[in-house]
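Each chain, written out:
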Amino acid sequence: MHDALDDWIADLLAETTTAHASDAFQRWLDVQSRFHDYSARNALLISLQCPDATHVAGYRTWQTEFDRQVSEGESAIWIWAPITAKVCPACGKPKSSHNDDCESDGVPYTDWSSQLRSFKPVPVFDVSQTTGESLPSLETATYGDASGLVPILCAAAESLGVDVSLVSPSEWVHGAARGVCEFPQGHRPSVAVRQRPNEADMATTLVHEVAHGLLHADRTILPERSLREVEAEAVAYLVGRQFGLDVCNSAFYLAAWAGEDADSVLERLNRIRSVTVSILGAIDDAVGGNQRVR
């Protein structure tokens, strides 16, 4: 089993490298680069005001950069924007309050360095609050015959100490996310997956979120979200392969999170392999140890 997992990991790395070089990924990457990289404080403010936000930009930026318009009646998400000003290298004052007697050490104003002076609140909006030209997306769904697999995975997750719920689209409150994993204080990890006709994708989404539940309760061990996503998706890919599903689109998911460093999968191979073996063992137990789908 371990040899097969290692072979499949090698396949995933090769597919991720190919995906990263594709035209579709480069178009997606180009659009992502236009979105501002917000500070941790602003990221927290965004998540508090709009928990399901995915792509955030200012009102005019949506119009000029993305040909989209903020929908009427939408409430802004407020963040803090830095205010900078050029300051005199001699007295440290901006030009507006600069003393005429100060010769600025002979440095012309154009060469003065900028300095953070204060912050001001500014409004931004999530893509879900806008309409217009579609943003390029990556195909990350799984396909194939997964008949009967989702209930088995739910039973396996429960035996591993992870609570699972399948939520109808009408009751789903997590935006475009296909699944979420939460860690309620004092309780077991809780996974929710949005129901949809594609059972194969539901299955790998469920595995992905269960992997989060088993691996990432302690965020201090792996604080970088990108590395957590790499681990969870690699597990979903391996379990999907075991059940004969078409999981090649995981390569786009990993390319988006791993960037140039697809080898980060290899750096976490032992963790990925260990939790994959645990999930597959729990699946065997859930079906009585007498069969395995595919």
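Structure: above.
Quick look at the structure, then. (Residues numbered from 1 in each chain as written. Predicted model: local features only at pLDDT ≥ 70, side-chain atom pairs only at ≥ 80, totals over all residues. Heavy atoms only, no water.)

Turning our attention to the sheet that holds strand S1 (residues 56-57). Taken together, 3 strands build an open sheet; the order of strands is S1-S4-S3 and the sheet is antiparallel. Taken across any chain shown, the strands that pair with only one partner, and hence form the sheet edges, are S1 and strand S3 (77-87). The pairing of S3 with strand S4 (residues 113-126) spans 11 bridges and is classified as antiparallel. In the sheet register, Ile77 faces S4, and the bridge partner there is Val124. Across the sheet, helix H3 (residues 40-49) is in contact with S1, S3 and S4; its angle to S3 comes to roughly 155°. (Pairing = 2+ DSSP bridges. Helix = DSSP H or I, 4+ residues; strand = E, 2+ residues; numbered from the N terminus. Contact = heavy atoms within 4.5 Å. Axes fitted to C-alpha atoms, helices over the stretch in contact; angles between N-to-C directions.)

Across the sheet, which stays open at both edges, the 3 strands sit in the order S6-S8-S7 with mixed pairing between neighbours. Here the strands that pair on one side only, and so sit at the sheet edges, are strand S6 (163-167) and strand S7 (179-182). In this sheet, adjacent strand axes meet at a mean angle of 15° when their direction is disregarded. As defined by bridge partners, S6 adjoins strand S8 (residues 190-194) across 5 bridges and the pair is classed as parallel. Paired with Val167 across the two strands is Arg194, which belongs to S8. Strands S6, S7 and S8 of the sheet are contacted by helix H6 (residues 199-215), whose axis makes an angle of about 160° with S8.

Across the interface, helix H7 (residues 225-242) lies against helix H10 (residues 269-286) with an axial gap of 9 Å and an inter-helix angle of 45°. When the axis of H7 is compared with that of H10, the two are oblique. The two elements H7 and H10 meet at a crossing, and its hand is right-handed. From H7, Glu231, Ala234, Val235, Leu238, Val239 and Gln242 reach across to H10, where they touch Arg271, Ile272, Val275, Thr276, Ile279, Leu280 and Ile283. Split by residue class, the contact of H7 with H10 holds 9 nonpolar, 2 polar and 2 charged. (Parallel < 35°, antiparallel > 145°, perpendicular 65-115°, else oblique. Left-handed = near helix turned anticlockwise from the far one by under 90°. Nonpolar A, V, L, I, M, F, W, Y, C, P; charged D, E, K, R; others polar.)

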